[in-house]
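Structural characterization, general
Listed here are the chains, written in short residue letters.
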Amino acid sequence: SRLSEELAEARSRQLANANAVERLDRLQREIDVGVQGDYATEIARVATGAHSNFTNHRLEIDKGSSSGLEVGMPVTAGNGLVGRLVRVATNRSTVQLITDPTFVIGVRIGETQEIGVGHGSGPRSPFVVDTGISLDSSVEVDDAVLTSGLDRAVMPPDLVVGRVKEVQPDEAAQSLILRVDLAAPISQLDVVKVLKW
């Protein structure tokens, strides 16, 4: 009986340890974003998740001006762009998510180096690039989409937005419409990295 109890406790500890290892691995992936450039960063915990506040495309983080954060700074997680700071208090900040239809940024297609403009299109919809990519462009599904970082851009260059999911010609506008799967795990955020840019 005693050995059975000890075995049950050992199995319970093993499951708890496996869960802790998986959580540590996931958190490490969320904050381990490769970014071009040498930017100081601040790691912050998500205080109110996107899952609970998705309708207005905002989330709160537990760091603010006391940690050197300012409005406009980019926020990343996993392997991609999450959004930007739109409100900063002493110990808390609000992030506008990349899924917000009013979130507009310049982008660059990694394979072709073409420049366009994209915007969010809702929590369960792809990011849309619908300006600037010519109809005769050679953009293909799975091409990388990055921030353009052009002069006076709201984002630094080469932050990962995602990969092209669909390419649709728009004959009237003589351009391509690209639907992009986001790289950042927007609906599963625990921690984020703020770039002091």
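The structure we're discussing is the one just above.
Figured I'd write up the structure that's included with this text. Just so we're clear, the structure is a prediction, and the values are computed from it rather than from any experiment.

Criteria and thresholds
Residues numbered from 1 in each chain as written. Predicted model: local features only at pLDDT ≥ 70, side-chain atom pairs only at ≥ 80, totals over all residues. Heavy atoms only, no water. Phe/Tyr/Trp six-rings, centres within 6.5 Å; stacked < 30°, edge-to-face > 60°. Lys NZ or Arg CZ within 6 Å of the ring centre and 35° of its normal. Core = buried A, V, L, I, M, F, W, Y, C linked by side-chain atoms within 4.5 Å. Buried < 20%, exposed > 50% of the residue type's maximum accessible area, 1.4 Å probe, protein only. Contact = heavy atoms within 4.5 Å. Pairing = 2+ DSSP bridges. Helix = DSSP H or I, 4+ residues; strand = E, 2+ residues; numbered from the N terminus. Axes fitted to C-alpha atoms, helices over the stretch in contact; angles between N-to-C directions.

Remarks on the packing of aromatic side chains
This model, assessed by the stated rule, comprises zero aromatic pairs. One Lys or Arg, Arg84, reaches over the ring of Phe103 and ends 4.3 Å from the middle of that ring.

Concerning the nonpolar core
Ranked by internal contacts, the top residues of the largest apolar core, which has 36 residues, are Ile61, Val82 and Leu178. The contact partners of Ile61, leaving out residues within four places of it in the chain, are Ala44, Arg45, Val46, Ala47, Leu69, Leu85, Asn91, Arg92, Ser93, Val95, Val192 and Val194.

Observations concerning the pairing of strand β6 (residues 104-109)
Across five bridges, β6 lies against strand β7 (residues 115-119) in antiparallel orientation. Among the inter-strand pairings, Val104 is bridged to a residue of β7, identified as His119. Two successive antiparallel strands, β6 and β7, enclose a turn made up of five residues, where Gln113 displays a positive phi of approximately 65°. Pairing of β6 with strand β9 (residues 144-147), which is carried by three bridges, proceeds in the antiparallel orientation. Paired with Arg108 across the bridge in β9 is Leu146.

Observations regarding the sheet that holds strand β4 (residues 80-88)
Strand order around the closed barrel formed by six strands is β1-β2-β5-β4-β3-β12, with antiparallel pairing between neighbours. On average, adjacent strands in this sheet sit at an angle of 45° to one another, irrespective of strand direction. By the bridge criterion, five bridges tie strand β1 (residues 41-48) to strand β12 (residues 191-195) in an arrangement that is antiparallel. Residue pairing across strands places Arg45 opposite Val191, the latter belonging to β12.

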